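# Tertiary structure, described
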Amino acid sequence: MNLKSIGYAMGVTILAAACNQHKTQVTESGLKYQIFEHEDKAKKAKLGDIMTFHFVLKNGSDSTLRDTYKEGAPQKMVLQAPQYKGSFEEGLALLASGDSAKISINADSMFAKIGQPMPPMIKKGSDLSFTVKVVSVLSPEEFQKQLSESVNKQKTIDAKVIDDYLAKNNLKAKAQKTASGLAYVDDVVGTGDSPKAGDNVKVHYTGKLLDGKVFDSSKNGGRPPIDFQVGVGMVIPGWEEGIMLMKKGGKRTLIIPSGLAYGAEGSPGTIPANSVLLFDVELVDFGKAPAQQPGPPTR
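The following refers to the structure shown.

Each value, and the rule that gives it
- Residues numbered from 1 in each chain as written.
- Predicted model: local features only at pLDDT ≥ 70, side-chain atom pairs only at ≥ 80, totals over all residues.
- Heavy atoms only, no water.
- Buried < 20%, exposed > 50% of the residue type's maximum accessible area, 1.4 Å probe, protein only.
- Helix = DSSP H or I, 4+ residues; strand = E, 2+ residues; numbered from the N terminus.
- Contact = heavy atoms within 4.5 Å.
- Phe/Tyr/Trp six-rings, centres within 6.5 Å; stacked < 30°, edge-to-face > 60°.
- Lys NZ or Arg CZ within 6 Å of the ring centre and 35° of its normal.
- Expected span 1.5 Å × (residues − 1).
- Polar contact = N/O pair within 3.5 Å; in protein donor to acceptor, adjacent residues only side chain to side chain.

### Considerations on helix H6 (residues 237–244)
Buried within H6 we find Gly238, Trp239, Glu240, Gly242 and Ile243. Buried residues in H6 make contact with strand S10 (200–209), strand S12 (226–229), strand S13 (251–256) and strand S14 (277–287).

### Re the environment of serine 61
With respect to the element layout, serine 61 can be found in the loop between strand S3 (50–58) and strand S4 (64–67). Distance from serine 61 to lysine 123, taken between C-alpha atoms, is 8.7 Å for residues 62 residues apart in sequence.

### Details of the packing of aromatic side chains
Overall, the coordinates contain nine aromatic pairs when judged by the stated rule. Ring centres of phenylalanine 215 and phenylalanine 279 lie 5.7 Å apart, and the angle between their planes is 90°; this geometry places the pair in the edge-to-face category. Taken together, the residues phenylalanine 215 in strand S11 (residues 214–217) and phenylalanine 279 in strand S14 connect sequence positions 64 residues apart. Since its relative accessible area comes to 3%, phenylalanine 279 is described here as buried. Among the aromatic residues, those joined into a ring-pair cluster are Tyr205, Phe215, Phe228, Trp239 and Phe279. Geometry around tyrosine 184 places arginine 252 over its ring, the cationic atom sitting 3.8 Å from the centre.

### Let's talk about helix H5 (residues 140–168)
With 29 residues, H5 extends 41 Å between its outermost C-alpha atoms, agreeing within 8% with the 42 Å of an ideal straight helix rising 1.5 Å per residue. Asparagine 170, located one to two residues past H5, shows a positive phi value of around 55°.

### Remarks on the environment of aspartate 186
Looking at the secondary structure, you find aspartate 186 in strand S9 (residues 183–188). Residue classification places aspartate 186 among the partly exposed positions, given a relative accessible area of 26%. Measuring from C-alpha to C-alpha, the distance between aspartate 186 and aspartate 280 comes to 9.7 Å, with 94 residues separating the pair along the chain. Apart from the residues within four sequence positions on either side, aspartate 186 is in contact with Gln176, Lys251 and Arg252. In this structure the side chain of aspartate 186 is engaged in a polar contact, spanning 2.7 Å, whose partner is the side chain of arginine 252.

Listed below in structure tokens is the structure:
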């Protein structure tokens with residue numbers, strides 16, 4: 001066989017392998033999937049691992065229902081045993097770090113298994129397709145180590161961002177900081193005591209990004225102040241700390257590092273990942289939370 005023939009044979013082999021790689025395959029449970037990219041030596045996911053991945057979800061009409069690329073942050077998920085045969089988790093379990101694939105799920109089966117009605121944009125008998133790109137596969141120990149390193153690094157970054165913001169806006173002399181990294185500037189100090197953990201507080205607020213863009217406000221449309229128990233995990237940590245340092249009638253701007261706000265996840269479509277946030281808050285009132293009524297006796 002001459003070199004030309006060898007080259008031709010190799011080309012045919014490579015082409016056949018590529019076609020086979022992109023071919024739609026079906027598992028014994030009926031799950032359909034296509035592998036676009038795969039590295040044999042890459043770490044394959046196993047139950048309990050934390051998978052980080054981007055995905056684009058489309059319905060049977062090829063309309064995009066969700067796109068984590070546009071949201072600006074990948075999805076993180078602990079890989080668990082499939083809830084039912086042909087589930088999305090079954091498809092993820094086939095993938096390794098760096099893989100990209102398309103996983104097709106029967107919509108009827110999925111909504112029947114999760115006990116939810118079929119949304120109007122999804123037709124009965126159709127498939128939902130998840131085009132997935134796996135960013136990483138980590139054991140719980142690896143994930144915790146990476147998370148700790150990332151949090152410490154981001155805390156340093158946030159501290160500089162806050163210092164720069166205070167300097168740029170001539171607020172250094174007025175601002176106070178806490179050991180957690182929270183900074184605040186009081187406009188009105190208020191009077192009396194401060195709320196304690198478990199108290200009910202009424203708060204007006206306006207939330208902004210550092211560039212001044214408002215992403216939420218309790219004052220839109222004449223809404224009343226929000227009412228919640230402070231110090232019990234109902235709001236972000238920066239709010240808990242900042243509000244429990246206030247007095248009734250007080251007004252202040254909270255400058256909250258990302259670790260005390262929405263962290264590396266952000267809030268899709270509203271708050272980018274690792275964002276330092278500004279909240280103008282007013283402690284309208286607070287008091288003891290009402291005692292819970294005793295429930296029926298249990299056996």
